[in-house]
Amino acid sequence: MSLKYSHAIVARISDALRNKEDFDLETAKEQHKQFCSLLRELGLDVIELPPDDELPYSVFVETSVVICNGVALIAKSEDPTRQKEANSMAITLKKELDIPVEVIDNPNAQLHGGDVLFTGREFFVGISNFTNEDGARAVATTFPEYPVTPIKVGLNDSTRPIIFNDFLDLLHFQVGGPKPLKYYVTMAGPDVLSVSNSIICQEIVKRMEREASFKYAKITLPEEHATNMLYINGTLVHRSPEEILDSYKVIKEKIDIPSRNINISEFSKFSTGLTSACILLRRWKSIRSI
């Protein structure tokens, strides 16, 4: 099933990030501007939210909401700042964009948009430091028309041993730490998963394959941070060869659909990657300009 989108919601970068160590704000803003231009070139109407100096990480809009079939499920976090981002997004979606909003009532639930992977056929919800099983249940309740499968994101929970090829593999496995699901797995086309050959990613993919309601092909990349891609209406958007040289070669060899690449090296330093900077949705009614 092909995913079709008509709009993208983004948020401009706040000047509050200016004093972050090893971060070039102006370069990040230029990269983000180019990212927005690329989305427009792919035929999307891009809705740009203004920067919020009180919520400097709100540029990573993916964390705050899950939108599917014209309904928005607002994320829920124990982090007060992240929850403010989600609440702010809820107000924007409901009052400015006329998008129906669902709020999670369960006080124990946690849900991070970056943990929710929609394949066009079903949802996988990462159970991570940011999302729990109650959060996954909220996705299932909000979108009952699709199968919803929780997938543990993190260290192996089985009894079988893991064989490490070298000390660096072991070190990465121990200290890499769980990240949102879409850092490790995204869609690289209709029914194609983008994954890496890292140990933790392969563990996640095995869990997904065991539990999936449908079959998927895979493209396996040598660089973990390369797996986060956007598949937009027939075009694959991935990071630039300057960022993922080895994976770029694999993508060009293995993927035969149109593709575009973009450098997000600076503004992605605090994020999952490309998916974190936009919310993709399909038009269901006229959207007012803001």
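Residues numbered from 1 in each chain as written. Predicted model: local features only at pLDDT ≥ 70, side-chain atom pairs only at ≥ 80, totals over all residues. Heavy atoms only, no water.

(A) Inspection of the nonpolar core at higher detail. Residues F35, L39, L230, I232, V237, F267 and L280 are the most contacted members of the largest nonpolar core, which totals 27 residues. For this core, the secondary-structure elements that each account for two or more residues are β1 (7-11), α1 (25-41) and β12 (230-232). The leading source of residues in this core is α1, at six residues. What L39 contacts, discounting residues up to four positions off in sequence, is A8, V10, L44, V46, I232 and C278. By size, the runner-up hydrophobic cluster in this structure holds 18 residues, among which are I67, I74, L93 and L281. (Core = buried A, V, L, I, M, F, W, Y, C linked by side-chain atoms within 4.5 Å. Buried < 20%, exposed > 50% of the residue type's maximum accessible area, 1.4 Å probe, protein only. Helix = DSSP H or I, 4+ residues; strand = E, 2+ residues; numbered from the N terminus. Contact = heavy atoms within 4.5 Å.)

(B) View of the sheet that holds strand β10 (residues 192-196). With mixed pairing, the three strands of this open sheet are ordered in space as β9-β10-β11. At either margin of the open sheet sits one strand with a lone partner, and together these are β9 (186-189) and β11 (217-221). Within the sheet, the average angular offset between the axes of one strand and its neighbour, ignoring direction, is 40°. As judged from the three bridges shared by β9 and β10, these two strands associate in the antiparallel manner. (Pairing = 2+ DSSP bridges. Axes fitted to C-alpha atoms, helices over the stretch in contact; angles between N-to-C directions.)

(C) Region of the structure containing the pairing of strand β7 (residues 123-127). The element β7 is extensively covered by neighbouring structure, given that five of its five residues are classed as buried. Sheet topology places strand β6 (residues 116-118) next to β7; three bridges connect them, and they run antiparallel. Residue pairing across strands places L117 opposite F124, the latter belonging to β7. Remark: four residues form the turn of the hairpin made by β6 and β7, two consecutive strands paired antiparallel; G120 in that turn has positive phi of roughly 95°. Here β7 runs beside strand β8 (residues 148-152); their pairing, made up of five bridges, is parallel.

(D) Here's a closer look at the pairing of β11. Relative to β11, β10 runs parallel, the two being bridged by five bridges. Considered in β11, the bridge of V195 is made with T220. The β-α-β motif built from β10, the intervening helix α6 (residues 199-211) and the parallel element β11 has right-handed crossover chirality. (Right-handed = clockwise from strand over helix to strand, strands pointing away.)

(E) Seen up close, the confidence of the model for the chain. The pLDDT averaged across the chain works out to 90; a share of 89% of its residues lies at or above 70. Considering only residues more than four positions removed or in separate chains, one finds that residues 157-177, a stretch of pLDDT under 50, has 21 contacts. (pLDDT = per-residue confidence, 0-100.)

(F) Structural context of the side chain of E85. Position of E85 among the secondary structure elements: in helix α2 (residues 80-96). Looking at E85, the relative accessible area reads 5%, which means it is buried.

(G) Representation of the sheet that holds β7 in the model. Read from one edge to the other, the open sheet built from three strands follows the order β6-β7-β8, with strand pairing classed as mixed. Each of the sheet's edge strands pairs with one partner strand only, and the pair in question is β6 and β8. Mean inter-strand twist for the sheet, computed between neighbouring axes without regard to direction, equals 25°. Against the sheet, α6 engages β6, β7 and β8, with an angle of about 150° to β8.

(H) Representation of α2 within the structure. Over its 17 residues, α2 runs 23 Å from end to end, which matches the ideal 24 Å to within 8%, given 1.5 Å per residue. Among all positions of α2, only Q83, E85, A86, M89, A90, T92 and L93 are buried. Packing partners of the buried residues in α2 comprise β1, β2 (45-49), β3 (65-68), β4 (71-74), β5 (101-102) and β15 (279-281). Capping the start of α2 is the job of one residue whose side-chain oxygen sits 2.9 Å from the backbone nitrogen of T81: D79. D98 sits one or two positions beyond α2 and adopts a positive phi of about 60°. (Expected span 1.5 Å × (residues − 1). Polar contact = N/O pair within 3.5 Å; in protein donor to acceptor, adjacent residues only side chain to side chain.)

(I) Looking closely at the packing of aromatic side chains. Within this structure, the stated rule accounts for nine aromatic pairs. Where F118 meets Y146, the ring centres are 4.8 Å apart and the plane angle is 70°; that geometry is what we call edge-to-face. Placement of the pair is F118 in strand β6 and Y146 in the loop between α3 (133-142) and β8, with a sequence separation of 28 residues. Their ring planes at 25° and their centres at 5.3 Å tell us that F123 and F143 sit as a pair that is stacked. (Phe/Tyr/Trp six-rings, centres within 6.5 Å; stacked < 30°, edge-to-face > 60°.)

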